[in-house]
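# A closer look at the structure
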Amino acid sequence: MLAYSLIADIVSEQVEYNHWFTFWISILFIALAIFTVLACVVTVKGWFEIKTMLARLSQLAKDDEGDDGET
Amino acid sequence: MHLFIADLQIHELTHFSILDWVIVAIYLTISLVIGIYVTRYATNMDAYIGAGRSVGPWLGVATMTGTEMGLITVMYMAQSGFTGGFAAFHMALIAGGATLFVGLTGFIVKPLRAHRVLTIPEYYEKRFGRKVRIVGGIILSAAGILNMGLFLQIGAKFIVGATGLPIDGNALIIVMTVLLILVLVYTVLGGMISVIITDYTQFVVLSFGVIVTTVLAIYTIGLDSMYEAVKTGMGRKGFDPTDPGGPFGPAYVTYQIIAAGLIGCAVWPTAVSRALAMESPEAVKKQYILSSVSFTIRFLIPMFWGVAAYTFVTQIHPEQASLFLDNKTVDGAGLYAMPAFLGQLLPIGILGLITAAMIAAFMSTHDSYLLCWSSVITQDVVAPLCQTPMSTTARIRLTRVFIVLIGIFIWAWGLFYKGSDRIWDYMIITGAIYFTGALVLLAGGLYWKRASRVGAMLGLIFGASAILGLEPIRITLIDVSCSILNANVTYWHKAITSSVVGLISIGLTLITFILGSFIWPDTKHHQTSNPVNDMPESQSC
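Per-chain numbering applies: the sequence of each chain, read as written, is numbered from 1 onward. Numbering of ligands from 1 and lettering of chains from A proceed in the order in which they are written. Only residues with pLDDT of 70 or above have their local features reported here, since the model is predicted, and side-chain atom pairs are shown and tallied only from 80 upward, although totals for entire chains, interfaces and linings are computed over all residues. No hydrogens and no water enter the side-chain calculation; it runs on all heavy atoms of the structure.

Attention now goes to a nonpolar patch on the surface. All names here are of chain B. Candidates for patches are residues over 30% relative accessible area with no salt bridge; among them, like charges are joined within 9 Å and nonpolar side chains (Val, Leu, Ile, Met, Phe, Trp, Tyr) within 5 Å. Under the convention used here, a 1.4 Å probe and the Shrake-Rupley method define accessible areas, while residue burial counts only the protein chains that appear. Any carboxyl oxygen of Asp or Glu that lies within 4 Å of a side-chain nitrogen of Lys or Arg is treated as forming a salt bridge with it. Nonpolar side chains collect at one region of the surface, where Val454, Leu510, Ile511, Ile514, Leu515, Phe518, Ile519 and Trp520 lie side by side and expose about 730 Å² of accessible area between them. Helix and strand labels come from DSSP, where a helix needs a run of H or I of at least four residues and a strand needs a run of E of at least two; each type is numbered from the N terminus. Element by element, the count of residues in the nonpolar patch is highest for helix α24 (residues 498-519), at 6 residues. One can find Ile511 in helix α24.

On to helix α20 (residues 423-447) of chain B. By definition here, a helix of n residues has an expected span of 1.5 Å times n minus one. Compared with an ideal rise of 1.5 Å per residue, which puts 25 residues at 36 Å, α20 of chain B spans 34 Å between its outermost C-alpha atoms and is within 8% of the ideal. Consider a residue and the seven residues that end there alongside the seven that start there; fitting an axis to each set, the bend is the angle between those axes. If you look at α20 of chain B, its biggest bend is around 50°, right at Ala432 of chain B.

So, about the packing of helix α13 (residues 250-267) of chain B against helix α14 (residues 269-276) of chain B. Residues and elements named next belong to chain B. Between α13 and α14, the least distance of the axes is 5 Å, while the angle of their chain directions is 45°. Taken as axis vectors, α13 and α14 run oblique relative to one another. From α13, Gly264, Cys265, Ala266 and Val267 reach across to α14, where they touch Pro269, Ala271 and Val272. By the convention adopted, Pro, Cys, Tyr, Trp, Phe, Met, Ile, Leu, Val and Ala count as nonpolar, Lys, Arg, Asp and Glu as charged, and the other residues, Gly among them, as polar. Considering only residue class, the contact of α13 with α14 consists of 6 nonpolar, 1 polar and no charged. Simply put, an axis is a line fit to the C-alpha atoms, just over the touching stretch for a helix, and the angle between two N-to-C directions goes from 0 to 180 degrees. In these notes the angle categories are as follows: under 35 degrees is roughly parallel, over 145 is roughly antiparallel, 65 to 115 is roughly perpendicular, and the rest is oblique. The criterion used for residue contact is that any of the two residues' heavy atoms lie within 4.5 Å.

Should pLDDT be low for a region, the predicted coordinates there are not to be read in detail. Residues and elements named next belong to chain B. Of all residues in chain B, 85% have pLDDT values of 70 or greater, and the mean over the chain is 79. Residue-level confidence of the predictor is what pLDDT reports, using numbers from 0 through 100. The secondary structure element of chain B with the lowest average pLDDT is helix α25 (residues 531-534), at 39, and the one with the highest is helix α21 (residues 453-463), at 91. Note on residues 1-8: pLDDT under 50 across the span, and 11 contacts to partners over four residues away in sequence or across chains. In the predicted structure, residues 527-541 sits below a pLDDT of 50 and forms 37 contacts with residues beyond four places in sequence or in another chain.

Here the focus is helix α8 (residues 120-128) of chain B. All names here are of chain B. Here's how the labels work: a residue is buried when its accessible area is under 20% of the maximum for its type, exposed when over 50%, partly exposed in between, all with a 1.4 Å probe on protein chains only. With 9 of 9 residues buried, α8 is to be regarded as a mostly interior element. Those residues of α8 that fall on the buried side of the exposure criterion are Ile120, Pro121, Glu122, Tyr123, Tyr124, Glu125, Lys126, Arg127 and Phe128. Downstream of α8 by one or two residues, Gly129 has phi in the positive range, about 105°.

A separate point is the side chain of Arg474 of chain B. All names here are of chain B. Tracing the backbone shows Arg474 in helix α22 (residues 471-485). Overall, the relative accessible area of 9% leaves Arg474 in the buried class. In contact with Arg474, other than residues within four places in its own chain, are Leu468, Gly469, His493, Ile496, Thr497, Ser498 and Val501.

Next up on the list: the packing of helix α6 (residues 90-105) of chain B against helix α15 (residues 281-316) of chain B. Residue and element names in this part refer to chain B. Relative to each other, α6 and α15 sit at 175°, their axes nearing to 7 Å. As judged from the angle between their axes, α6 and α15 are roughly antiparallel. Every residue of α15 that contacts α6 at Met91, Ala92, Ala95, Gly96, Thr99, Leu100, Val102, Gly103, Leu104 and Thr105 is listed here: Lys285, Tyr288, Ile289, Ser291, Ser292, Phe295, Thr296, Phe299, Leu300 and Met303. Here the residues of the contact of α6 with α15 are counted per class, giving 12 nonpolar, 7 polar and 1 charged.

It is generally the case that most residues other than glycine have a negative phi and that most peptide bonds are trans. Located in the positive-phi region is Ile108 of chain B, a residue other than glycine, with phi close to 70°. A relative accessible area of 0% places Ile108 of chain B in the buried class.

Bringing the interface of chain B and chain A into the picture now. Interface size is commonly expressed as the accessible area that is lost once the parts come together. Contacts between chain B and chain A engage 48 residues on the former and 35 residues on the latter. For the pairing of chain B and chain A, the buried interface totals around 3,900 Å² over both sides, and the portion due to carbon and sulfur atoms is 82%. Think of a polar contact as two N or O atoms within 3.5 Å of one another; within protein, one of them needs to be a possible hydrogen donor and the other a possible acceptor, and neighboring residues in sequence only count if both atoms come from side chains. Counting the contacts that link chain B with chain A gives 4 residue pairs in polar contact (both at pLDDT 80 or more). Of all the secondary-structure elements, those providing two or more residues to the side of chain B that touches chain A are α4 (57-68), α6, α11 (171-221), α12 (223-233) and α15 of chain B. Each of two parts loses accessible area, computed with a 1.4 Å probe, when they are put together; buried area is these two losses added.

Criterion for a disulfide: a pair of cysteine sulfur atoms at a distance within 2.5 Å. As enumerated under the stated definition, the model contains 0 disulfides over all chains in all. Looking at the unpaired Cys372 of chain B, the closest cysteine sulfur is the one in Cys265 of chain B, lying at 15 Å.

If you look at the biggest cluster of nonpolar residues, it comprises 183 residues, and the most contacted ones within it are Phe86, Tyr124, Val267, Phe304 and Tyr434 of chain B. Residues in contact with Phe86 of chain B, not counting those within four places in the same chain, are Phe21, Trp24 and Ile25 of chain A together with Met226, Tyr227, Val230, Gly238, Phe239 and Val307 of chain B. Think of a nonpolar core as a cluster: buried Ala, Val, Leu, Ile, Met, Phe, Trp, Tyr and Cys residues, connected wherever their side-chain atoms sit within 4.5 Å.

Moving on to the environment of Ala95 of chain B. All names here are of chain B. As for its position among the elements, Ala95 is in helix α6. On the basis of relative accessible area, Ala95 is assigned to the buried category, the value being 0%. Separated by 164 residues in the primary sequence, Ala95 and Ala259 have C-alpha atoms spaced 9.0 Å apart. Beyond its immediate chain neighbours, meaning those up to four positions away, Ala95 contacts Ala260, Gly261, Phe295 and Phe299.

Next up, the structure:
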């Protein structure tokens, strides 16, 4: 509906700035809300993925040392 | 002189305190300790520049956001909001939409990750041969290093402005030096592993700092005031990005779909290097879908702060308006508007947290860019030129040397370069020297079987024609052409903008790439393995 109003305004060349304003602010709020949730989830899940990554890298480092010892 | 006077007054506006300094110091110490701690894991080149390809999707989102939401982005986008109003928001919409598109389709990044390459030029060699890799590596690293040339200077300006350090003394040099040394230490030692882990901590600080500041700005300034300020001061051009009378216009918006959209997430090497470090091609898609929100936010929030700063100086404290809106100081002073606004808006403690978050953004961009360009020079220029293969140890050592050399270069460049204040134009054009050719080569190489080596080389060379969009070159060319053809100089200055040059350059690159591939096809399909990286480590350069 908002997009329709915007397009109608542009086509009729009678732009009401408050339609544009509502459009941009809606995007801001939607993005901010999703980002807030995302930031919380990434903070928690990212922490566990760091642990997994370091464990894997630690194993790779041990394997490298083993290979060096064999050669 | 106007700017100098304005600087002195601007720096007196902030109320940065001892407590804020303590918060910043604690944060920097933690980053440094983490960077040094993870050094033990960087035992081979794969781990050093690709974190052993063991990054999960959530961590990928954190590191990509940490890298791409740099302080330079925050500063420029705030300036865009300050001068362009709500109309500037279109870039955020484009960036988020393009990242979502790449995430849903896997365009470029998924097949690139499936090739298991470490850098983009490495893919060039797999697809188009070693010469294309070397030429691509040289163009990429030259454009990339030039592109980050102003990062240090602009970032240090934010910190000096927000903390209230004396602008007329040596504070800028000291801030630049201290921050560069900090970044160099943990990037040189830990490579991609320390970059990813510090990016994670920076993501956490940055995210919550950004949310708190935005809520405070809305609460303090009020959305109605912002609407009135932009409506009164800018009119339609402050809301409609396609308004030809405004700072953007149709050509600008079209070029941003490519530059701020597709390029920013799918071709720009620092973003792609995160995709290449992911644990699987499917994880890459998930990373991009999730990051589309971050890619929107990284433009949108600083722009909103810019609009809030504009409202603050025009509606709430009109006595400050002359500092930022005077005709002779608007470009340079506009950069200081957002930090000066934050310095007055935020309470003690929160200001320290936000400054730490901004330093986080500053450092996370620098570490990734330093690692990216230095590894490209090592992997894609020096190593392929060596007669005998380089060992892992030699590669890591050389990458570290290049990290330090690039750091010294950007320090000197930031200190002595006296260029235009239109930073985004500078960044887009220096970046376009690389990305115009890279977009065509990557898309053509991954999705078009007939793409040939000659076509790729022509694409790379013609892609560098984007440099013609640089203002001094563009203006000179138009002046000379108009004097020869007796045309209207003023008209053509307005008609042939840097965005138009960028679009023409992309078209030219695409045409030469296609024609070159048709006229000089490869005699056989070159989908070779990567001989340089597959060499035994015992053989040294």
